[in-house]
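Residues per chain are reported as follows:
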Amino acid sequence: MLDPKYIREHIEEVRMNCKRRNVRIDIDTYIELDKKHLAMIHIVESIRAERNAVAAKMQNANPDERAVFIAQGKELKESLASQENELVACAVEWKNLLLQFPNLTHPDVPEGKTDDENTELRIVGEIKKLSQPLDHIALCQKYDLVDFERATKVTGSKFYFLKGKLARLEQALISYTLDLLEPEGYLAITTPDIAKDDILVGAGFQPRGPETQIYSIENSDISLIGTSEITLGGYHKDETFSCATLPIKYAGISHCYRTEAGSYGRESYGLYRVHQFSKVEMFIVCTPEQSEAMHLELLRLEERVFQQLEIPYRVVDICSGDLGGPAYRKYDLEAWMWGRNMGKGGWGEITSTSNCTDFQARRLNIRVKGDDGVSHFVHTLNGTAISLARALIAILENHQQEDGSILIPQVLVPYCGFKKIG
RNA sequence: GGAGAGGUGGCAGAGUGGUCGAAUGCGCCAGACUCGAAAUCUGGUUUGCCUGCAAGGGUAACGUGAGUUCGAAUCUCACCCUCUCCGCCA
């Protein structure tokens, strides 16, 4: 959510920002609503002031005066009720529109409408030369590592059962990642896999509606989370930190659920796009001054994970039109995957890190009190430490050998207890 | 799931219709005293929104929401949460 005052004072900037970010929103209607909303607040508060004044006079009034004041009060009460109803109706409309504004945009974010226009910053690692690389589905079939077919009986499509060494590898990756993050100050924390809708909204998600990617539970106000960023943001809702306690860093462990409505085709084969996966998510609460440095730290740690796993990847600076609502700036890591691009190999998104500045904090009401005693909204950031399913794809496909076996990255061997598959 | 008790400021804890944004204590901040500290004393100490150059003014908030009333922390209803006991249970 943007600061309504900021919008009022920077209308043209906000208008341009929406355009850059490819978000269609009727700003002129919003401005009208904002004016009306302020006007209604004035009206309602002045009636309340009158009512309070009459009530105060009541205390020392004689019986005759009392009768007069009561009559006055009754009258005020009626007009107040009708004006309050109008205010509430106006406020709902106003707030709904306000929530649709995307965050402001970092000045260095590349211009662009779609992910085609993201900027590749660098490629790290070497893509192994293989005469006949297999994709992860073929590899999993060969060694019986995952069962999609039987899963359809239990859950429908896009769920899976991981089996044997792949199940062990998933657990190993989680433990390895937590060990890597702990010395960097990230507290391991398992979170619920569900959250109330107002928490989802606070984190910038839309839990209900035709476009939603969120599973919600019928006859309730709770939904399955798509990332532990949601529960970790909610964890600190309505809190005020003293600045000495920041930054706070979490390594959040949860399952993630996504409906993936509207996705289909070659992008959604195998484990690449699934309805449920496990994830270790880094989440940071910090002061506004700290957030840019924290964002670079998150990117550095994401890169370290994939360097240690010996997986070639590229770093992508996400363009303005592809940022989504909450992010002020976003970097993705894309790993090499042989299964992409019709089997010719290509880059597949594997992590994503966003600086959300105060966008989520404003909605969740998370503040920090500075040394000056003034309270500001905190900044929140998130970054994928390891996203299972996709990390497993990258390991299987990049560590397959000419003889068809799969070598486990050295750093994982102590965690999973075996060196190769096949 | 059943029965009971309860939810008030950073914490503890008063307040049962108007004088209550809220006593008191603790904590915290500043000052005095002190070589310094402790103790003591004095003063200060919630937040959001609206308005104003500012000082200030207005409004809202006592778990949440609705209701009664001229007026609600206080009365009524619903819901949420916590605690104790019982039941069930991974």
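Above this text sits the structure in question.
Each value, and the rule that gives it
- Residues numbered from 1 in each chain as written.
- Chains lettered and ligands numbered in written order.
- Predicted model: local features only at pLDDT ≥ 70, side-chain atom pairs only at ≥ 80, totals over all residues.
- Heavy atoms only, no water.
- Near = heavy atom within 4 Å.
- Polar contact = N/O pair within 3.5 Å; in protein donor to acceptor, adjacent residues only side chain to side chain.
- Helix = DSSP H or I, 4+ residues; strand = E, 2+ residues; numbered from the N terminus.
- Nonpolar A, V, L, I, M, F, W, Y, C, P; charged D, E, K, R; others polar.
- Expected span 1.5 Å × (residues − 1).
- Buried < 20%, exposed > 50% of the residue type's maximum accessible area, 1.4 Å probe, protein only.
- Contact = heavy atoms within 4.5 Å.
- Salt bridge = Lys/Arg side-chain N within 4 Å of Asp/Glu carboxyl O.
- Phe/Tyr/Trp six-rings, centres within 6.5 Å; stacked < 30°, edge-to-face > 60°.
- Lys NZ or Arg CZ within 6 Å of the ring centre and 35° of its normal.

### Focus on the protein's contact with RNA strand B
Every one of the 20 residues lining RNA strand B counts as a neighbour, but His 42, Arg 51, Gln 59, Lys 74 and Lys 369 are closest to it. Sugar plus phosphate, as a fraction of atoms of RNA strand B within 4 Å of the protein: 71%. Between RNA strand B and Gln 59 there is a distance of 3.0 Å, counted from a sugar or linking oxygen to a side-chain nitrogen or oxygen. Note that a phosphate oxygen of RNA strand B is positioned 3.2 Å from one of the side-chain N or O atoms of Lys 77. At nine residues, the largest contribution of residues to the surface near RNA strand B is made by helix H3 (residues 27–58). Along the lines of polarity and charge, the residues of the surface near RNA strand B split into five nonpolar, five polar and 10 charged.

### A short note on H3
Its 32 residues give H3 an end-to-end C-alpha distance of 47 Å, which sits within 8% of 46 Å, the value for a rise of 1.5 Å per residue. Of the residues making up H3, those classed as buried are Ile 27, Tyr 30, Ile 31, Leu 33, Asp 34, His 37, Met 40, Val 44, Ile 47, Val 54 and Met 58. Among the structural elements, helix H1 (4–9), helix H2 (11–20) and helix H4 (63–98) are those in contact with the buried residues of H3. Between the side-chain oxygen of the N-cap and the backbone nitrogen of Asp 28 there are 3.4 Å, and the N-cap of H3 in question is Asp 26.

### Points about the pattern of salt bridges
What the rule picks out here adds up to 19 salt bridges. A salt bridge links Lys 237 to Asp 198; its shortest N-O distance comes to 3.9 Å. Here Asp 198 lies in helix H8 (residues 197–202) and Lys 237 lies in the loop between helix H9 (228–235) and strand E7 (240–242), a separation of 39 residues in the sequence. Using a relative accessible area of 28% as the deciding quantity, one classes Lys 237 as partly exposed. Owing to a relative accessible area of 42%, Asp 198 belongs among the partly exposed residues under this scheme. In this structure, Lys 249 engages Glu 297 in a salt bridge whose closest nitrogen and oxygen atoms are separated by 2.9 Å. Here Glu 297 lies in helix H10 (residues 291–308) and Lys 249 lies in strand E8 (residues 248–257), a separation of 48 residues in the sequence. You can call Lys 249 buried: its relative accessible area is 14%. The exposure class of Glu 297 is buried, given its relative accessible area of 11%.

### With respect to unusual backbone geometry
With omega at 5°, the peptide bond leading from Leu 246 into Pro 247 counts as cis. Relative to the assigned elements, Pro 247 resides in the loop between E7 and E8. Of note in this structure, Thr 357 is not a glycine but carries a positive phi near 40°. With respect to the element layout, Thr 357 can be found in the loop between strand E12 (346–355) and helix H11 (359–364). Residue Thr 357 is classed as buried on the basis of its relative accessible area of 7%.

### Quick look at the packing of aromatic side chains
The description of an aromatic ring pair rests on the distance of the ring centres and on the angle between the ring planes. Counted by the stated rule, this structure contains five aromatic pairs. Between Tyr 30 and Phe 101 the ring centres are 5.0 Å apart and the planes differ by 75°, which places this aromatic pair in the edge-to-face class. Of this pair, Tyr 30 sits in helix H3 while Phe 101 sits in the loop between H4 and strand E1 (119–124), and the two are 71 residues apart along the sequence. You'll find Tyr 30 and Phe 101 in the same group, each marked buried. Ring centres 5.5 Å apart and planes at 85° place the aromatic pair Trp 336 and Trp 338 in the edge-to-face group. With respect to burial, Trp 336 and Trp 338 carry one shared label: buried. Within the aromatic cluster, the residues linked to one another by ring pairs are Trp 336, Trp 338 and Trp 347. Above the face of the Tyr 272 ring, Arg 340 is positioned so that its terminal group lies 4.5 Å from the ring centre. Between the NZ or CZ atom of Arg 390 and the centre of the ring of Tyr 272, over which it lies, the distance is 3.8 Å.

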